[in-house]
Structures are given as C-alpha cells and as structure tokens.
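Structural overview
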Amino acid sequence: MSDSRTQDEAAIKAVLAASYRAWEAGDADGMVADYTADATAVMTGSLRDSRDVIRRSMALGFEGPLKGSSTRNRQLSIRFLGRDGAIVVSESGILFAGESEVPDARKVNATWVLEKRDDRWLIAAYHNSPVVAPGN
C-alpha cells in the first residue's frame, strides 16, 4: 500500500473512531461532525437524508432509548474507489448501559461510504443490516 493510501486509511479510521467516541459521549453534534451535509443513513425502517436529519435523530435517541449506550465496532474491510472514495464494511452493535456484550440479534453489518473533500475524509453514506437475518 502506498504511503498516501496508508495515510488515507489511518485518516478514515480516525473519522470513524471520532464518531464512535461521540456516540459514547451522547454527543449528536460530534457524531455527525465528519458527515457531509448531504449524507444519508439507511437503517431498517428509516432513511435519514441529510447530516441535520441524522443529527436530530441521534440527539433524540441520546435523550431517550440510546442514553448511556455505546457501540462496538469491528472493521471487516476497507477499499478505495479512485482517489477520493472509500467503502468500509464493519460489524457493529449497540451496547446499552450495563451490558458487556452485544447480543447476536443486535449485531449489524454496516457499510460506510466516505468521500475525500479538500483533503479531508467525510462520511457520505451509512447503511446497516442485521448480521443474522430474522428467522434464521
């Protein structure tokens, strides 16, 4: 891997780590700080179609059902699309207050699409799907 790709990979990992830390802090603004304005998030039953919508949704979650939660994330792969695009695939899950492990039923495979703008990697899209399909 070239030095620039190594630096890009490290920068992408740092963007995701910052988002995870902001989640753990219950900080919706911090969580979306590295999202593009037109970012999308697709999760079962919902489409959030801008950074502002994602931020509002997370703020409500952090005030309610996600209060005190964190996430567990394991990067499965990263691949670059040209010079300014990357896809990260991870296995993730929400860890609620008092839990030490994420139950299998709450684990998701997540796809992160990142775009490099003005030498800065930003999250342009996020999608997740259950690791274990319902009924399996």
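So, here is what we can say about the structure in this document. Positions within a chain are numbered from 1, following the residues in the order the chain's sequence is written. Where local features are concerned, this predicted model is filtered to residues with pLDDT of at least 70; where side-chain atom pairs are given and counted, the filter is 80 or more; whole-chain, interface and lining totals use all residues. Only hydrogens and water are set aside; all other atoms, that is, all heavy atoms of the structure, feed into the side-chain values.

**What to know about the packing of aromatic side chains**
For any pair of aromatic rings, geometry is given as the distance between the ring centres together with the angle between the planes. Heads up, the condition is: Pairing of aromatic rings covers Phe, Tyr and Trp, the last through its six-membered ring, and needs centres within 6.5 Å; plane angles under 30 degrees mean stacked, over 60 mean edge-to-face, and all others mean tilted. The secondary structure listing takes helices from DSSP runs of H or I that are at least 4 residues long and strands from runs of E that are at least 2 residues long, numbered from the N terminus. Each residue gets one of three labels from its accessible area relative to the maximum for its type: buried under 20%, exposed over 50%, partly exposed in between, using a 1.4 Å probe on protein chains only.
Scanning the model with the defined rule gives four aromatic pairs in all. Relative to Trp 112, the ring of Tyr 20 has its centre 6.1 Å away and its plane inclined at 70 degrees; by these criteria the two rings are edge-to-face. Separated by 92 residues along the polypeptide, Tyr 20 in helix H1 (residues 3-24) and Trp 112 in strand S5 (residues 108-117) bring together distant segments of the chain. Under the relative-accessibility criterion, Tyr 20 is labelled partly exposed at 21%.

**A few points about the environment of Met 43**
Counted only if it meets this: Residue contacts follow a heavy-atom distance rule, with two residues in contact if any of their heavy atoms lie within 4.5 Å.
For Met 43, the location among the structural elements is in strand S1 (residues 35-43). For the pair Met 43 and Lys 107, spaced 64 residues apart in sequence, the C-alpha separation works out to 13 Å. The contact partners of Met 43, leaving out residues within four places of it in the chain, are Arg 48, Tyr 126 and Asn 128.

**Focus on unusual backbone geometry**
Positive phi is not limited to glycine here, since Asp 118 has a value of about 50 degrees. Not every positive phi belongs to a glycine, and Asp 119 is a case in point at roughly 65 degrees.

**Brief notes about the pairing of S1**
The test is simple: One bridge is not enough; two strands pair if DSSP finds at least two bridges between them.
Relative to strand S6 (residues 120-130), S1 runs parallel, the two sharing four bridges. In the sheet register, Tyr 35 faces S6, and the bridge partner there is Ile 123. In this sheet, strand S2 (residues 46-48) lies alongside S1 in antiparallel orientation, the contact comprising three bridges. Residue Val 42 lies in a different strand from S2, and its bridge partner there is Leu 47.

**Digging into the pairing of S5**
Here eight bridges tie strand S4 (residues 85-95) to S5, and the two strands are oriented antiparallel to one another. Each residue of the ladder has a partner; that of Glu 91, found in S5, is Asn 109. Alignment of S5 against S6, held across 10 bridges, turns out to be antiparallel. Among the inter-strand pairings, Thr 111 is bridged to a residue of S6, identified as His 127. What sits between the antiparallel neighbours S5 and S6 is a turn of two residues, in which Asp 118 has the positive phi angle 50 degrees.

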